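Breakdown of the fold
Each chain, letter by letter, is given below.
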Amino acid sequence: MNIIDELKWRGAVNQQTDEEGLYELAGKESISLYCGIDPTGDSMHIGHLIPFMILKRFQMAGHHPYIVIGGGTGAIGDPSGRKTERVLQSAEQVRHNAECLTAQMQKLFGGDGTFSIVNNYDWLSKISLLDFLRDYGKLFSVNAMLAKDVVASRLETGISFTEFSYQILQSIDYYQLYKTYHIQLQIGGADQWGNITNGIEMMRKKEGITGVYGLTIPLMLKADGTKFGKTAGGAVWLDPKKTSPYEFYQFWFNQDDRDVVKYLKYFTFLSHEEIDALEAETAEHPEHREAQRRLAEEVTRFVHGEEGLAEAERVTKALFTGDVADLSGAEIEGAFRNTAGGVIPSVPMNIVEALVAGGVEKSKRQAREDVKNGAVRVNGLAIRDPEAEISAHPHTDGRYVIVRKGKKNYFLLEVKA
């Protein structure tokens, strides 16, 4: 199957610069293509992951993907989707972020030599101001640049020449990649269409280059019309220190029935037959949440590996059963990062006083009643004595107490003497 057919079935094609030409190109045994990311942070989140899933599919189909880390463009700032100017980062911060993103990409794409990572600082930093203006700036019409949606949306509030020039830099990227590696396809999000077509047009004007293409992916929206990838706690990061494997797993497991098949097509490498079977299972037995479980397993394994998936499943089981005594300190911090709970002054501490001080109970009377009724577990153990003294979880260096009230309500109490 031509990979373009596969991408269409998975709902991953938004726009193509030349549909017939790209289809013919993609049908070849191996082509080189690229997608870029600016090091504006030290980790990707799942919104960043979207175009790189497409790049991964090309890799698996035998093509050679190039990942462009924007060490040069990241120092400038992409105006895409923003109403105000980006705060410029220091060169040291850009380098640090680039190193972190490179490590994440190497984990996602493997170490078998079937992909490459390059940094556009390597060529952009060597272009002088005069060369930039003469060799590239002359090929761009200010009128056309102003008409781009991302620029037009900023004209009322203002846009600096720095961010205005970003689209030229991205065009230079495509040109340099074509000349150096014979890359013929650029992939990007829907908001990158203007930048991609700019690059193709610039190459045509500069050297009469043809046979280069662009493909964008659709804007990912949830069934309720809101933007995909955000939670009440903020972005879902690929860095396990920012979003633990458990939190990552739960994000996918909690997806709406209306969205889960779309996400299975987009974010997993399951076959048509497997996804069709999961779709049928969801329609017949939505309460089983089998499609969500498989989605969570596949994406967590892809991002965090078998070890990360095992951790996520272990924490999930512990919280479901209430048996949290064996969780490690790191697992506890990751699992309860956004859990309700207050501060208690010290441990050991009387359980009733701790429940009130930590915000678990509103009054000592209610706390005593719940303890006597067996509704409270501390660090995984049921406590029925209102006079009992509680201590910190043994794996948290005296920092936290885990309280479970009822079957589902967890509280993480922080010990601050």
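Described in the following lines is the structure provided in the data block. (Residues numbered from 1 in each chain as written. Predicted model: local features only at pLDDT ≥ 70, side-chain atom pairs only at ≥ 80, totals over all residues. Heavy atoms only, no water.)

Before going further, it helps to examine the nonpolar core. Soluble globular proteins tend to pack their nonpolar side chains together in the buried interior. Among the nonpolar cores identified, the biggest contains 59 residues, and Leu7, Phe52, Phe58, Leu185, Phe228, Trp252 and Phe267 are the most heavily contacted of them. Excluding anything up to four places from it in sequence, Phe228 contacts Ile46, Ile50, Met220, Leu221, Lys222, Phe251, Trp252, Tyr263 and Phe267. Core analysis: the next-biggest nonpolar cluster, separate from the first, contains 26 residues, Tyr66, Tyr136, Phe164 and Ile196 among them. (Core = buried A, V, L, I, M, F, W, Y, C linked by side-chain atoms within 4.5 Å. Buried < 20%, exposed > 50% of the residue type's maximum accessible area, 1.4 Å probe, protein only. Contact = heavy atoms within 4.5 Å.)

Turning next to the pattern of salt bridges. Two side chains that carry opposite charge are able to pair once their charged atoms sit near each other. Per the stated rule, a full pass over the model turns up 21 salt bridges. Where Arg293 meets Glu290, a salt bridge forms, and the shortest distance between an N and an O atom there is 2.2 Å. Of this pair, Arg293 and Glu290 both sit in helix α15 (residues 290–321), 3 residues apart, which is roughly one turn of that helix. In this structure Glu290 comes out as partly exposed when scored by relative accessible area, which is 25%. Here Glu306 makes a salt bridge to Arg301, at a shortest N to O gap of 2.8 Å. By relative accessible area, Glu306 is classed as exposed at 51%. When its relative accessible area of 29% is taken as the criterion, Arg301 is described as partly exposed. (Salt bridge = Lys/Arg side-chain N within 4 Å of Asp/Glu carboxyl O. Helix = DSSP H or I, 4+ residues; strand = E, 2+ residues; numbered from the N terminus.)

Turning to helix α14 (residues 272–284), a few remarks are in order. Residues lying three or four places apart along an α-helix face the same way, a consequence of the helix completing one turn every 3.6 residues. With 13 residues, α14 should reach 18 Å at 1.5 Å per residue; the first-to-last C-alpha distance of 18 Å fits that figure. All of the buried residues along α14 are Ile275, Leu278 and Thr282. Take α14 and look down its axis: the buried residues cluster within an arc of 60°, on one side only. Exposed residues on α14 whose side chains face more than 90 degrees from its buried face are Glu273, Ala283 and Glu284. (Expected span 1.5 Å × (residues − 1). Arc of directions from axis to C-beta.)

What follows covers the sheet that holds strand β1 (residues 15–16). An order of β1-β6-β5-β2-β3-β4 is seen for the 6 strands of this open sheet, with the pairing classed as mixed. With one partner strand each, in any of the chains shown, β1 and β4 (116–119) form the two edges of the open sheet. Strand contacts of helix α2 (residues 19–26): β1, β5 (185–189) and β6 (213–217), with the helix running at about 95° to β6, the strand carrying the most contacts. (Pairing = 2+ DSSP bridges. Axes fitted to C-alpha atoms, helices over the stretch in contact; angles between N-to-C directions.)

Turning our eyes to something else, we now look at a nonpolar patch on the surface. Taken together, the side chains of Val142, Leu146 and Leu155 present a nonpolar region at the surface, about 240 Å² in accessible area. Along the polypeptide, Leu155 turns up in the loop between α8 (149–152) and α9 (161–164). (Patch = residues over 30% accessible without salt bridge, like charges linked within 9 Å, V, L, I, M, F, W, Y side chains within 5 Å. Areas by Shrake-Rupley, 256 points an atom, 1.4 Å probe, with all protein chains shown as cover.)

Next up on the list: the environment of Ile390. Turning to its location among the elements, Ile390 is positioned in strand β13 (residues 389–390). Of the residues examined, Ile390 reaches a relative accessible area of 3% and is grouped as buried. Along the chain, Ile390 and Met349 lie 41 residues apart, while their C-alpha atoms are 5.4 Å from each other.

Residue position: Glu353 is located in helix α17 (residues 351–357). In this structure Glu353 comes out as partly exposed when scored by relative accessible area, which is 39%. Each C-alpha atom of the pair Glu353 and Glu387 lies 9.7 Å from the other, and the pair is 34 residues apart in sequence.

Of the consecutive residues Val347 and Pro348, the connecting peptide bond is found in the cis state with omega at 0°. The topology assignment puts Pro348 in the loop between β9 (343–344) and β10 (349–350). We note that Asn379 has phi near 55°; this positive angle belongs to a residue other than glycine. For Asn379, a relative accessible area of 10% corresponds to the buried category.

Looking now at the packing of aromatic side chains. Throughout the structure, instances matching the rule amount to 17 aromatic pairs. Aromatic side chains Tyr266 and Phe267 sit 5.3 Å apart centroid to centroid with 55° between the ring planes, which places their arrangement in the tilted category. Judged by relative accessible area, which is 2%, Tyr266 ranks as buried. On the basis of relative accessible area, Phe267 is assigned to the buried category, the value being 1%. The rings of Phe228, Phe248, Phe251, Trp252, Tyr263, Tyr266 and Phe267 are connected pair by pair, giving a single aromatic cluster. Residue placement shows Lys242 over the ring face of Trp237; its charged tip is 5.3 Å from the ring centre. The lysine or arginine in question, Lys265, covers the ring of Trp9, its NZ or CZ lying 4.8 Å from the ring centre. (Phe/Tyr/Trp six-rings, centres within 6.5 Å; stacked < 30°, edge-to-face > 60°. Lys NZ or Arg CZ within 6 Å of the ring centre and 35° of its normal.)

Within strand β3 (residues 64–69), 6 of the 6 residues are buried, which leaves the element mostly enclosed by the surrounding structure. As paired elements, strand β2 (residues 32–37) and β3 share 6 bridges and run parallel to each other. Bridging across to β3, Ser32 finds its partner in His64. Viewed along the sheet, the connection from β2 through helix α3 (residues 46–60) into β3 turns out right-handed. The pairing of β3 with β4 spans 4 bridges and is classified as parallel. (Right-handed = clockwise from strand over helix to strand, strands pointing away.)

Here we take up the sheet that holds strand β12 (residues 381–382). Note: strands within a sheet are paired through backbone hydrogen bonds, in either parallel or antiparallel orientation. Overall, mixed pairing links the 5 strands, which are arranged β9-β15-β14-β11-β12 in an open sheet. With one partner strand each, in any of the chains shown, β9 and β12 form the two edges of the open sheet. Bridge count for strand β14 (residues 400–405) against strand β15 (residues 409–415) is 6 bridges, and the pairing is antiparallel. In the sheet register, Lys405 faces β15, and the bridge partner there is Asn409.

What follows is about a negative patch on the surface. Residues Glu353, Asp385, Glu387 and Glu389 make up a contiguous surface patch of negative charge. With respect to the helices and strands, the residue Glu389 is situated in strand β13. (Lys, Arg positive; Asp, Glu negative; His and termini not counted. Charge placed at Lys NZ, Arg CZ, Asp CG, Glu CD.)

Geometry only, nothing functional implied.
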